[in-house]
Amino acid sequence: MKLQGTHQRSITRTADGRGARIMDQRDLPWAISWVELRSAADAERAIREMWTRGAPLIGATAAYGLAMALAEDGSDEALDRAYRFLLASRPTAVNLRWALDKLVETVRPLPAAERAAPAFARADAICDEDVELNRAIGAHGLELFRELHARHPDRPLNILTHCNAGWLATVDYGTATAPMYLAHDAGIPVHVWVDETRPRNQGALLTAFELAGHGVPHTVITDNAGGHLMMTGQVDAVIVGTDRVTANGDVCNKIGTYLKALAAKDNGVPFYVALPYTTFDADTATGADVPIEERSGDEVTHVSGEGGRIRVTASTAANPAFDVTPARLVTGYLTERGLVEKV
Ligand SMILES: CSC[C@H]1O[C@H](OP(=O)(O)O)[C@H](O)[C@@H]1O
């Protein structure tokens, strides 16, 4: 079934109310498959193997995973075991811990036998809130895009983005993509340079799929092209999502984001980071304190495409999955409360 049209919810509770239904993103855009998660183990695997990914979305998935664990066994021991198990699935996005902590906050005071239903309800609420947060980010981002376009009203607004911070990384709308959708719908001519985002190509595979589905003009580029485009005046602004913004405003995001921020700074291109409050980590002082996920080198030595997977080097590879962009390189943070220069 080819997904037609624009954004939608990438996670919902199953029809019987006892599981979670997610889009398995591993074969996008070539194939679209929805899978039902039926246990904490299902949720942990889907996060760890990146069937589903994106900071807010892995938080929502883990929340349902904890609810499913409590439906099996509502004891404190089971709660603590499932919390640790799900938290360990991926270390960098703070949303995972945030969502699990919200579930624990909800159920801890309750008797073991009465925890499952409130846990599922809290997971539902986390999803509903994420949609509203992203819609608000989009509304504020629309005004930002309107201002940016007013500087060059004779041509489209050229935006560069890295990785996927769209509805496939959240429950719906996305963070960095929300302004793109709303500006396009408001008749502001937007064109998006989409970094392929090696090694897993979330940009080429997912962001391009999203923008095409919404009819937003876009061009996929290599990760190495962004600096040239900025130097030659072809980028009006960069906007990215994030997996964690620390207390001092450092931004942890997909590997390669830092290089885009450096090029933006050097060329006087504004660099914006879109995030909901659930991605802000006041308890972590700086980006140096954030655990950077190291994924399998196989994600670098092999590339997945329409025809399957092929090896692209005879060597082994390192694969740090995130990097840190220092706050000094960030022009502004686009949040549900508006655009702020400091978080
Ligand atoms: C709004 S999610 C943003 C963030 O999540 C992605 O990481 P991954 O695809 O590895 O889960 C990427 O860093 C996005 O920018």
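Residues numbered from 1 in each chain as written. Predicted model: local features only at pLDDT ≥ 70, side-chain atom pairs only at ≥ 80, totals over all residues. Heavy atoms only, no water.

What follows deals with empty space enclosed by the protein. Taken as a whole, this structure holds three cavities of 30 Å³ or more when the rule is applied. In this structure, the largest cavity is lined by 26 residues; those nearest its centre are R53, G54, A55, N164 and D243. Those elements that provide at least two residues to the lining of the largest cavity are α2 (55-72) and β9 (251-254). In terms of residue count, the dominant contributor to the lining of the largest cavity is α2 (three residues). Here the residues of the lining of the largest cavity sort into 11 nonpolar, 10 polar and five charged. Two domains each provide a minimum of three residues to the lining of the largest cavity, namely domain 1 (2-128) and domain 2 (140-341). The computed volume of the second largest cavity comes to approximately 80 Å³. (1 Å grid on protein atoms, 1.4 Å probe; cavity = no way out; pocket = protein on both sides within 12 Å on 5 of 7 lines; lining within 4 Å. Points joined across faces, edges and corners; volume = space filled by probe spheres on them. Helix = DSSP H or I, 4+ residues; strand = E, 2+ residues; numbered from the N terminus. Nonpolar A, V, L, I, M, F, W, Y, C, P; charged D, E, K, R; others polar. Domains from an automatic or database assignment.)

All right, on to the domain arrangement of the protein chain then. With domains assigned, the protein chain is organised as domain 1 (2-128) and domain 2 (140-341). Facing the 31 residues of domain 1 at the interface are 35 residues of domain 2. Of the roughly 2,900 Å² buried between domain 1 and domain 2, counting both surfaces, carbon and sulfur atoms make up 60%. Area buried by domain 1 at its contact with domain 2 is led by H7, W30 and T92, which between them contribute 23% of it. Scanning the region where domain 1 abuts domain 2 turns up one salt bridge. Two residues, R90 and E293, come together in a salt bridge whose shortest N-O distance is 2.9 Å. Taken together, the connections running from domain 1 to domain 2 amount to 18 residue pairs in polar contact (both at pLDDT 80 or more). Counting residues per element, the side of domain 1 that touches domain 2 draws most heavily on α2, at four residues. When grouped by side-chain class, the residues that make up the side of domain 1 that touches domain 2 number 17 nonpolar, nine polar and five charged. (Contact = heavy atoms within 4.5 Å. Buried area = accessible area lost by both parts, 1.4 Å probe. Salt bridge = Lys/Arg side-chain N within 4 Å of Asp/Glu carboxyl O. Polar contact = N/O pair within 3.5 Å; in protein donor to acceptor, adjacent residues only side chain to side chain.)

Okay, the site of the ligand next. Around the ligand, 17 residues are found, and the nearest of them are G54, R90, D243, N253 and K254. Measuring from an oxygen atom of the ligand, one finds a backbone N or O atom of G54 at 2.9 Å. Side-chain polar atom of D243 to an oxygen atom of the ligand: 2.7 Å apart, as the coordinates give it. Considered on its own, the ligand offers 400 Å² of accessible surface; in the complex 99% of this is hidden by protein. Taking a 2 Å distance to the grid points as the criterion, the majority of the atoms of the ligand fall inside the largest cavity. When contributions to the shell around the ligand are tallied by element, the ones reaching two or more residues are α2 and β9. Residue composition of the shell around the ligand, by class: seven nonpolar, six polar and four charged. In terms of domain composition, the shell around the ligand takes at least three residues from each of domain 1 (2-128) and domain 2 (140-341). (Near = heavy atom within 4 Å. Areas by Shrake-Rupley, 256 points an atom, 1.4 Å probe, with all protein chains shown as cover. Sits in = over half its atoms within 2 Å of the grid points.)

Moving on to the layout of surface pockets. Estimates place the volume of the largest pocket at around 420 Å³. Lining the largest pocket are 20 residues, with Q25, R26, R200, L205 and S304 positioned closest to its centre. For the lining of the largest pocket, the secondary-structure elements that each account for two or more residues are α7 (202-214), β12 (302-305) and β13 (308-311). Among the elements that take part in the lining of the largest pocket, β12 stands out by supplying four residues, more than any other. Partitioned by chemical class, the residues of the lining of the largest pocket number seven nonpolar, seven polar and six charged. R198, D223, I255, G256 and L259 are, among the 13 residues lining the second largest pocket, the residues nearest its centre. Here the residues of the lining of the second largest pocket sort into six nonpolar, four polar and three charged.

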